[in-house]
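Topology and contacts: notes
Here is what each chain is made of, one letter per residue.
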Protein chains: 2
Amino acid sequence: MTPEFALIDRYFNRPTHDPGVVLGIGDDCALIRSKLGVELAVSTDTLCSGTHFFPDADAEKLGYKALAVNLSDLAAMGATPRFVMLSLTLPSIQDAWLEAFSRGFFALAQRYNVALIGGNTTRGPLSISVTIFGELPAGQGLRRDAAKAGDDIWVSGALGAASLALLHHEAKITLPPNVFRAVEARRLLPTARVELGQALLGAANAAIDISDGLVADLGHVAERSNLQARITRDEVPMHAGLLNLRADQRDACALAGGDEYELCFTAADSARRQITMISEQLGVAVTRIGTMQKHTEGKNSVIVVDGAGQDITPSIRGFDHFQ
Amino acid sequence: MTPEFALIDRYFNRPTHDPGVVLGIGDDCALIRSKLGVELAVSTDTLCSGTHFFPDADAEKLGYKALAVNLSDLAAMGATPRFVMLSLTLPSIQDAWLEAFSRGFFALAQRYNVALIGGNTTRGPLSISVTIFGELPAGQGLRRDAAKAGDDIWVSGALGAASLALLHHEAKITLPPNVFRAVEARRLLPTARVELGQALLGAANAAIDISDGLVADLGHVAERSNLQARITRDEVPMHAGLLNLRADQRDACALAGGDEYELCFTAADSARRQITMISEQLGVAVTRIGTMQKHTEGKNSVIVVDGAGQDITPSIRGFDHFQ
């Protein structure tokens, strides 16, 4: 074993007692075994230096976030996290960086009992690719194409924090230090709504996680379900830090801001009570922001109206530069 | 859908009729279903511009190779290829590049009935991460840790072509044009020994694919099996293009050269006839190059001897710069 390989092994090769892992790190392939009647949900996401994070980003937070954004994809399907593979491209092998990165990564992996089963390390510009595996009862996944006309549209948490932090970084606004700390923490250490996604199986019809912005991501659900989403701007839950912004900046952060990792989901109105109970049990706020409908108002996949019912879609769509 | 997203969709979103793919590209996760009694073999590999290929590498060949090196990991486990995920990091979205890359990728994917079930595209320095999924009868995978003392050591094909092509690129040697074309084709379009790996299930005990060099990779098998591999240099099958090299360059290419994607495997001597038959049926040469033994000759995991039985391990280990 070369010294570099030994170093990587030291930080990432951790034993697992998961009976689903037949063979973990160290062979040509990992071998995994699924339970009966289960589907495997698989997703992959890449974080690239300069595109998804600042080149001087803290390694521990990066390790956490690289896993969190992938957990969020499982959450949006309602899947239970099981296994993960990690591909690291590094300009050089640095002990301290690997130690910190693995600390952040495993902190979250252990919380969800996710076993690291393989991966690779490559020399090159800093970039992190994670492939995650979750399990689902067959046929029950929260697909994007399964929204029904008449469904309520819900969103978890409060939106806009990550974009607000970016506005501060870009010197477009100046936040008070305590507000910046709060929204910066949301940007760097997002919470994947794993428990909420699992609890919504059987209650919600469709779900997506908000990574590109509420309107853009809800648009994917509407398009794939051949429906139109109609949401009321003033119902969208906004992070408290947005209150002092100009109205257009506030809308841009909450409706078009990415990197949120909250869930947007649709459910029949008969499920309202069940969803409210799930929200209370998990301590995760959920808010009804609109309705899925047949294409009754033009061709846009998402229609945004203000509190008075005025169509403000064009101004919201103008915020695409946020994505 | 943004124009960029539509372009990627156009080249990569191809319908599959595989009943194992419950949900393919376009949702938060792909959903796959395994057959009963089957284990899923999973592997991931990254090709990075400047590290694994020249920055001006041909996109079609790159698409082919990115899949081939991952198929090779499945081959080394004896698994049947089923699904693949593709993460592309691109400095810019270029129609011609995507068209050529996808052509190379799908040429190989279709040959092995591998369904592209998901992935992502990111802006950044050119790099390609592939995660591949294969199926195996439970408990039958060709693991690195399953070699037995007394096993024959076999290698498929002939070694050294990819390294020979690199020596020419680095202007350390000058090859006749026809020889260069032949070895360059081996370097850029390697053959994953998928059918051989599958046929070896039940015949071989352990296997690995040669990506870092014969001695290095066989060393992994020996270490994980707590054994010592003893091979005879003059038995190692060398690519014909190596015949005119200096002896040390020849040994370096054949024994320490990476990027081969031939299989090195061990099997009981009672399996010799079966292995010869497999080789003939598939038209893939296999050669016996040594024996697995208990640690009888020091601590090295691999011992290399010349035709006269002289230990030449130190000189071979000096070729590490090739890796």
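Residues numbered from 1 in each chain as written. Chains lettered and ligands numbered in written order. Predicted model: local features only at pLDDT ≥ 70, side-chain atom pairs only at ≥ 80, totals over all residues. Heavy atoms only, no water.

Let us look at the sheet that holds strand β5 (residues 115–123) of chain A. Taken together, the six strands give an open sheet; going across it, the order is β5(A)-β4(A)-β6(A)-β3(A)-β2(B)-β1(B), and neighbouring strands pair in mixed fashion. The open sheet is flanked by β5 of chain A together with β1 (21–23) of chain B, the only strands paired with a single partner. Adjacent strand axes in the sheet meet at a mean angle of 20 degrees when their direction is disregarded. The pairing of β1 of chain B with strand β2 (residues 30–32) of chain B spans two bridges and is classified as antiparallel. Counterpart to Val21 of chain B in the pairing with β2 of chain B is Ile32 of chain B. Lying over the sheet, helix α3 (residues 95–111) of chain A contacts β4 (80–90), β5 and β6 (127–137) of chain A, oriented at roughly 165 degrees with respect to β4 of chain A. (Pairing = 2+ DSSP bridges. Helix = DSSP H or I, 4+ residues; strand = E, 2+ residues; numbered from the N terminus. Axes fitted to C-alpha atoms, helices over the stretch in contact; angles between N-to-C directions. Contact = heavy atoms within 4.5 Å.)

Our focus in this paragraph is the relation of the copies chain A and chain B. Least-squares fitting of chain A to chain B yields an RMSD of 0.0 Å, with the transformation described by 0.0 Å of translation along the axis and a rotation of 180 degrees. Between the two chains, the operation in question is that of a two-fold axis. The overlap is high: 100% of the interface residues of chain A also sit at the interface in chain B, so the same surface is used on both sides. (Least-squares fit on C-alpha atoms with pLDDT ≥ 70 in both.)

A few words now on the pairing of strand β8 (residues 206–209) of chain A. Residues and elements named next belong to chain A. The alternating pattern of β8 places Ala206 and Ile208 on one face and Ala207 and Asp209 on the opposite face, and all of these are buried. Bridge count between β8 and strand β10 (residues 263–267): four bridges; the pairing is antiparallel. Bridged to Asp209 within β10 is Leu263. (Buried < 20%, exposed > 50% of the residue type's maximum accessible area, 1.4 Å probe, protein only.)

Before going further, it helps to examine the packing of helix α4 (residues 161–169) of chain A against helix α5 (residues 177–188) of chain A. All names here are of chain A. At a minimum axis separation of 8 Å, α4 and α5 run at an interaxial angle of 115 degrees. Pair α4 / α5 crosses with left-handed handedness. Counted together, Ala161, Ala162, Leu164, Ala165, Leu166, His168 and His169 of α4 and Phe180, Val183, Glu184, Arg186 and Arg187 of α5 form the full contact between these two elements. Of the residues assigned to the contact of α4 with α5, the class counts are seven nonpolar, two polar and three charged. (Left-handed = near helix turned anticlockwise from the far one by under 90°. Nonpolar A, V, L, I, M, F, W, Y, C, P; charged D, E, K, R; others polar.)

What follows covers the side chain of Asp27 of chain A. Among the secondary structure elements, Asp27 of chain A is positioned in the loop between β1 (21–23) and β2 (30–32). Here the side chain of Asp27 of chain A touches Arg144 of chain B through a polar contact of 2.7 Å, landing on its backbone nitrogen. With near-sequence residues (within four places) excluded, Asp27 of chain A lies in contact with Met77, Leu142, Arg143, Arg144 and Asp145 of chain B. (Polar contact = N/O pair within 3.5 Å; in protein donor to acceptor, adjacent residues only side chain to side chain.)

For an α-helix, the turn length of 3.6 residues means that residues three or four places apart are oriented alike. All names here are of chain B. With 17 residues, helix α3 (residues 95–111) ought to run about 24 Å at 1.5 Å a step, and its terminal C-alpha atoms sit 24 Å apart, in line with that. Every buried residue belonging to α3 is among Trp97, Leu98, Ala100, Phe101, Ser102, Gly104, Phe105, Phe106, Leu108 and Ala109, and all of these are buried. At the exit of α3 stands Asn113, carrying a positive phi of roughly 55 degrees. (Expected span 1.5 Å × (residues − 1).)

Residue and element names in this part refer to chain A. Taken domain by domain, chain A consists of domain 1 (3–137) and domain 2 (144–305). Summing both sides of the interface, domain 1 and domain 2 together bury roughly 1600 Å²; the carbon and sulfur share of this comes to 63%. Connecting domain 1 to domain 2 are one salt bridge. As a salt-bridge pair, Lys65 and Asp259 come within 2.8 Å of each other at their nearest N and O atoms. Our count for the contact surface shared by domain 1 and domain 2 stands at five residue pairs in polar contact (both at pLDDT 80 or more). (Domains from an automatic or database assignment. Buried area = accessible area lost by both parts, 1.4 Å probe. Salt bridge = Lys/Arg side-chain N within 4 Å of Asp/Glu carboxyl O.)

Let's shift gears to the interface of chain A and chain B. Counting residues at the interface gives 53 residues for chain A and 53 residues for chain B. Here chain A and chain B share six salt bridges between them. One salt bridge in this structure joins Arg144 of chain A and Asp28 of chain B, with 3.0 Å as the shortest N-O distance. No other element matches the 10 residues that strand β3 (residues 38–48) of chain A contributes to the side of chain A that touches chain B.

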